[in-house]
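# A structural walkthrough
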Amino acid sequence: NDALLVRAGAGMWPTPYAEGLAPELRAALSRLAHAVRPPPAFDPATSERVFALASPDLFDAVVLPTLLATLAEEGPKLGVAMQPGLRDLGWRLETGELDFAVVPSLSGGSTLTPSDDGLDADLRRTRLFEDSFTPYVRCGHPAVGKRLSAKAFAALDHVVVAPTGSGDGITDTALEERGLSRRISVRVPSFLAAVAVVRATDMVMVAPGALIHIDSGLSPLKVALKLPKHGLHLVWHPRFDAEPGRRWLRARLQTATARLAAKLV
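### Some words on the overall build of the protein
On a plain count of helices and strands, the protein comes out with seven helices and 13 strands. Rg of the C-alpha trace for the protein: 28 Å, well past the compact-globule value of 18 Å for 265 residues, more than 25% over. Projected onto the principal axes, the alpha-carbon positions of the protein cover approximately 105 × 40 × 25 Å. Per-residue burial for the protein yields a buried fraction of 40% across its 265 residues.

### As for helix 5 (residues 170-177)
Since one α-helical turn is 3.6 residues long, residues separated by three or four positions face the same way. Buried within helix 5 we find Ile170, Thr171, Asp172, Ala174 and Leu175. Where helix 5 is buried, its residues touch strand 5 (100-106), strand 6 (124-138), helix 4 (150-155), strand 9 (183-188) and strand 10 (204-208). With its phi angle positive at about 75 degrees, Gly179 sits one or two positions after the end of helix 5.

### Let's talk about the side chain of Ser105
Here Ser105 is to be found in strand 5. Assessed through its relative accessible area of 2%, Ser105 is described here as buried. A distance of 3.3 Å separates the side chain of Ser105 from the side chain of His233, its partner in a polar contact.

### Examining the pattern of salt bridges
Counting across every chain of the model gives eleven salt bridges. With a closest N to O distance of 3.4 Å, Glu97 and Arg92 form a salt bridge. Using a relative accessible area of 8% as the deciding quantity, one classes Arg92 as buried. Ionic pairing is found between Arg246 and Asp99, a salt bridge with its closest N-O pair at 2.8 Å. Highlighted residues: Arg246 in helix 7 (residues 244-264) and Asp99 in the loop between helix 3 (89-94) and strand 5, separated in sequence by 147 residues.

Each value, and the rule that gives it
Residue numbers run consecutively from 1 along every chain, following the written order of its sequence. pLDDT decides what is reported in this predicted model: residues at 70 or higher carry local features, side-chain atom pairs at 80 or more are listed and counted, and totals for whole chains, interfaces and linings draw on all residues regardless. Note: side-chain values were computed over all heavy atoms of the structure, leaving out hydrogens and water. Numbering of helices and strands runs from the N terminus, with a helix taken as a DSSP run of H or I at least four residues long and a strand as a DSSP run of E at least two residues long. The quantity called the radius of gyration is restricted to C-alpha atoms. Its globule counterpart is 2.2 Å times the number of residues to the power 0.38. Burial classes follow relative accessibility: with a 1.4 Å probe on protein chains only, a residue under 20% of its type's maximum area counts as buried, one over 50% as exposed, and anything between as partly exposed. Any two residues having at least one pair of non-hydrogen atoms within 4.5 Å are treated as being in contact. Counted as a polar contact is a pair of N or O atoms within 3.5 Å, where, for protein atoms, one must be capable of donating a hydrogen and the other of accepting one, and residues adjacent in sequence contribute only when both atoms are in side chains. Within this document, salt bridges are pairs made up of a side-chain nitrogen of Lys or Arg and a carboxyl oxygen of Asp or Glu, the two lying within 4 Å of each other.

Pasting the structure below:
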């Protein structure tokens, strides 16, 4: 019930109590105005921001050179930090630890990542491109030609990419449907490690078709075995839908992968 303004002649004058409140209110209103102001514009030409992404290692090898060429031209001070692993993506994207994740999926839509990877329906997704799984051996492999029967393919020693160190893959499922099985000689955590093994041995690996665009030392095989297609999705949290920097990078990632997708047609 303290008076703030009192009439004085033709106007109103603040009481000493109101005058005492004024500095605090002025500061509070200034902070409020600062909090609700429009976000600052993102200028890639001057920003020194470092974007954080999680993605499969083969995606890094295939797409990063094209993306970095764009950054060098449009955002020379920008950086990209690739983080390992696709676990706990929901939490990492929500907190902003990650700006984006690149998540593989089969053509039917089921994710290839572990079931506890943290993905949920609230996350935003957009498909980057679709690719086929392809068997590869080293160039000059003495035991195979350009075409193989499913039985001859199963009889080879196989390298499997298994980030968790265990588990069968789509190749085993396809072979089981033909009443066949294979011998897995080695499991490695990344595609690039598998490439090194295949190039130095007579083993075979199954990898996305995009691999041929970064390693000419491998030879793709046509095998009488039906393997599903797979896609890569860009995933982010809806909290950051409108954030200018992320919107800019999202567009550049889509452009970079569109160039790769055109080569895979």
